[in-house]
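# Summary of structural features
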Amino acid sequence: MAIETAEPGNAPAEGQRVGRFGPYGGRFVSETLIGPLEELEQAYAAARQDPGFQEELDRELRDFVGRPTPLYLAERMTRRLGGARVYLKREDLAHTGAHKVNNTVGQAVLAARMGKTRIIAETGAGQHGVATATVAARMGLECVIYMGADDVERQAANVYRMRLLGAEVRAVEAGTRTLKDAMNEAMRDWVANVDDTFYIIGTVAGPHPYPTLVRDLQRVIGVETRRQVLEVEGRLPDAVVACVGGGSNALGIFHPFIDDADVQLFGVEAGGEGLASGRHAAPLSAGRPGILHGARSYLMESDEGQIIGTHSVSAGLDYPGVGPEHAWLKDSGRAEYRVVTDAEAIAAFHRLSRTEGILPALETSHAIAFAEQLAPELGPDRVIVVNLSGRGDKDIATVAAQEGIEL
Amino acid sequence: MSRIAECFRGCRASGRTALIPYITGGDPTPERTVELMHALVAGGADLIEVGVPFSDPMADGPVIQAACSRALAAGTTPQSLFEVVRRFRQDDDRTPVVFMGYANILEAAGYQAFVEQAAAAGVDGLLTVDLPPEEADELSPVAAERGIDLIYLVAPNTSAQRLERVCTAGGGFIYAVALKGVTGAANLDAQQVAAQVTAIRCKAELPVAVGFGVRDAQSAAALAPVADGVIVGSALVRMIGECGDTPDLPARLEDAARALRRAMDEATAGGGT
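Below is a summary of the structure that appears in this document.

Reading the values: rules and limits
Residues numbered from 1 in each chain as written. Chains lettered and ligands numbered in written order. Predicted model: local features only at pLDDT ≥ 70, side-chain atom pairs only at ≥ 80, totals over all residues. Heavy atoms only, no water. Helix = DSSP H or I, 4+ residues; strand = E, 2+ residues; numbered from the N terminus. Expected span 1.5 Å × (residues − 1). Buried < 20%, exposed > 50% of the residue type's maximum accessible area, 1.4 Å probe, protein only. Pairing = 2+ DSSP bridges. Axes fitted to C-alpha atoms, helices over the stretch in contact; angles between N-to-C directions. Contact = heavy atoms within 4.5 Å. Parallel < 35°, antiparallel > 145°, perpendicular 65-115°, else oblique. Left-handed = near helix turned anticlockwise from the far one by under 90°. Nonpolar A, V, L, I, M, F, W, Y, C, P; charged D, E, K, R; others polar. Phe/Tyr/Trp six-rings, centres within 6.5 Å; stacked < 30°, edge-to-face > 60°. Salt bridge = Lys/Arg side-chain N within 4 Å of Asp/Glu carboxyl O.

What follows is about helix α5 (residues 127–139) of chain A. Residues and elements named next belong to chain A. Along its 13 residues, α5 runs 18 Å from first to last C-alpha, staying within 8% of the 18 Å computed at 1.5 Å per residue. For α5, the tally of buried residues reaches 10 of 13 residues, placing the bulk of the element in the interior. Turning to α5, its buried residues number three or more, namely Gln127, His128, Gly129, Val130, Ala131, Thr132, Ala133, Thr134, Val135 and Ala136. Downstream of α5 by one or two residues, Gly140 has phi in the positive range, about 70 degrees.

Right, here's the structure in full:
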């Protein structure tokens, strides 16, 4: 079966600047990065015109990643909730266990086309790091992964996995020792090594062209979903639900539905210990626009514009910013953003594990928890698709610790 | 004429290369920053760059990252740095002051509000690392209105086409980034920098100052003959970090500035090397 990717509409709307989503996005970087970003933009534009690039990408996605991933009707979950039929888009079944690999495969193919020999990346939960180390190994490229020192501790299994794949993992001790600091450090590495190094950003954030590039590469999720749901239901879904940290799995599944006005799009942010506690990672729900990591988008910041520490039980959502296109989807009202707390996500993790035999990632568990609320509200004869963005094996130590169990 | 233009004109007339020290504002405390600025002038500084601390200084190396953390821990805000400059201006109305920082601080304050307060306090220029000319639509007009120079970076990999654009967009001086990397990194190749400065001079009317990677008096001396100004940051900031909030900090900083001054003057006196 052919893999459906391409066809993203990249031409900016009238009056809109390239790389902007309304007032969001842009290229807020120091001068040294302008040249490399322009080079990347041009290389990507050229690749998009080249059928050979698309063929290579399709082949990698099919034979290496295992696409298309199934759209699975969660029957027992649907029965238990007594409302809309809930389908799960099984990105957890992609190679390396999450959607992240769709993006890393594409960027690695691009890197090779550009003659780059060294790959760097940032990672939070470690999923993007693993997906990057995997494609670097596959393509014989040197690989360095930056990871916040706190995340290195709480995601030890993924750190070891990256090392097994031949990557060097560098723990970042600066700042809050989490994903944002890993991204700062990766940017610093890139500035110093731009000639031979390709920076694979893991989400739809960062300076232009990354938000567009990563969205286009993740769009395969939504394109497949749209076809699959039409096949089994003969109609489009009423709602599409995905968790949002940086927002790549959400944008990947949302994007092909944006012009379908009857399809509601729900992004679910990490509510941590609750918005009122201040300990959360929900910039769209509780932050305001600002500039971080090369783009304007919603941020968690102090009154003076200092980035503030975030909290989520899920390392992959523990980020103070969000992709700029989500900021635009929020302001334009096309997508709605909700919040699920740590406790709600963990409860949903357990329920899905026992009801469907699927251990979801803690990030994904946020989307599951919201879908559980939505299904009865929508009622029967309605259809919800949840992006099951990753598998939860990496999180079992965290879940066990919540129950006072040490593995 | 702006203080910055006056400063470079004076330097040129007396045949010296401007010494431009950078210190992170509020490190070790906002109160002491005023003293340190005076100490730098006493040691021979011609223009002072004051870093506005940011939680995520992506273009800076570990030395200035640590200084930002210390300054933020000391409670430094843009407001407290405006106050620092106001107090500095009570005794020094001549030395230009440039705020160097990151876009989100201006974005949070509001571009207009930030510029007005900076101008009122006596700040002469803004160097916002992650706000290249293409993204400065909001800042440019308000800065022009209040006579604040926007100083832009030129990197070794800035294309010839862009160079022209950056040089015409900027004011005050052109900040030539001498190496690919973060502040405080690696060694400089003076010859390569000379070629870079020559290329910039072809496009720019403005003076050209060189920074990033000027580690000590020796490297400052090597660059002095080829540029209008030499920016020294991490070397001084490291000293401030090591010295801490101690009584003799201003004297030590003054000595460090004087050593740079002397080395640069010796290098330019002989007609350059």
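All names here are of chain A. One open sheet accounts for four strands, arranged β7-β6-β5-β8; its pairing is parallel. Bordering the open sheet on either side are β7 (168–172) and β8 (197–199), each of which pairs with just one other strand. Strand-to-strand twist in this sheet, taken as the mean axis angle between neighbours without regard to direction, amounts to 25 degrees. When strand β5 (residues 118–123) meets strand β6 (residues 142–148), the two strands line up parallel, connected through six bridges. Bridging across to β6, Arg118 finds its partner in Glu142. Across the sheet, α5 touches β5 and β6, and the angle it forms with β5 is around 165 degrees.

So, on to the packing of helix α8 (residues 160–169) of chain B against helix α9 (residues 190–203) of chain B. Residue and element names in this part refer to chain B. Running from N to C, α8 and α9 point in directions that differ by 60 degrees, and their axes come no closer than 9 Å. Our classification of the angle between α8 and α9 gives oblique. Viewed along their axes, α8 and α9 form a crossing whose handedness is right-handed. Mapping the contact onto sequence places Ala160, Leu163, Glu164 and Cys167 in α8 and Ala199, Ile200 and Lys203 in α9. By residue class, the composition of the contact of α8 with α9 is five nonpolar, no polar and two charged.

A word on the packing of aromatic side chains. Overall, the coordinates contain 10 aromatic pairs over all chains when judged by the stated rule. A ring pair is formed by Trp190 of chain A and Tyr199 of chain A, whose centres lie 6.0 Å apart and whose planes are at 65 degrees; its orientation type is edge-to-face. Its relative accessible area of 5% is what places Trp190 of chain A among the buried residues. Owing to a relative accessible area of 1%, Tyr199 of chain A belongs among the buried residues under this scheme. Aromatic side chains Phe82 of chain B and Phe114 of chain B sit 5.2 Å apart centroid to centroid with 65 degrees between the ring planes, which places their arrangement in the edge-to-face category. Residue Phe82 of chain B is located in helix α4 (residues 78–91), and its partner Phe114 of chain B is located in helix α6 (residues 111–121); the two are separated by 32 residues in the primary sequence. We classify Phe82 of chain B as buried; its relative accessible area is 1%. Exposure remark for Phe114 of chain B: the relative accessible area of 2% places this residue in the buried category.

So, on to the pattern of salt bridges. Any two side chains of opposite charge can pair, given that their charged atoms come close. The full count for this structure, using the stated rule, is 57 salt bridges over all chains. In this structure, the salt-bridge partner of Arg118 of chain A is Glu142 of chain A, at a minimum N-O distance of 3.7 Å. Here Arg118 of chain A is found in strand β5, whereas its partner Glu142 of chain A is found in strand β6, with 24 residues between them in sequence. Of the residues examined, Arg118 of chain A reaches a relative accessible area of 8% and is grouped as buried. Two residues, Glu138 of chain B and Arg296 of chain A, come together in a salt bridge whose shortest N-O distance is 3.5 Å. Taken as a pair, Glu138 of chain B in the loop between β4 (125–128) and α7 (139–145) and Arg296 of chain A in strand β12 (residues 295–299) lie in two separate chains rather than in one. In this structure Glu138 of chain B comes out as partly exposed when scored by relative accessible area, which is 46%. A single salt-bridge network, built from bridges that share partners, covers Arg118, Glu142, Glu168, Arg170 and Asp189 of chain A.

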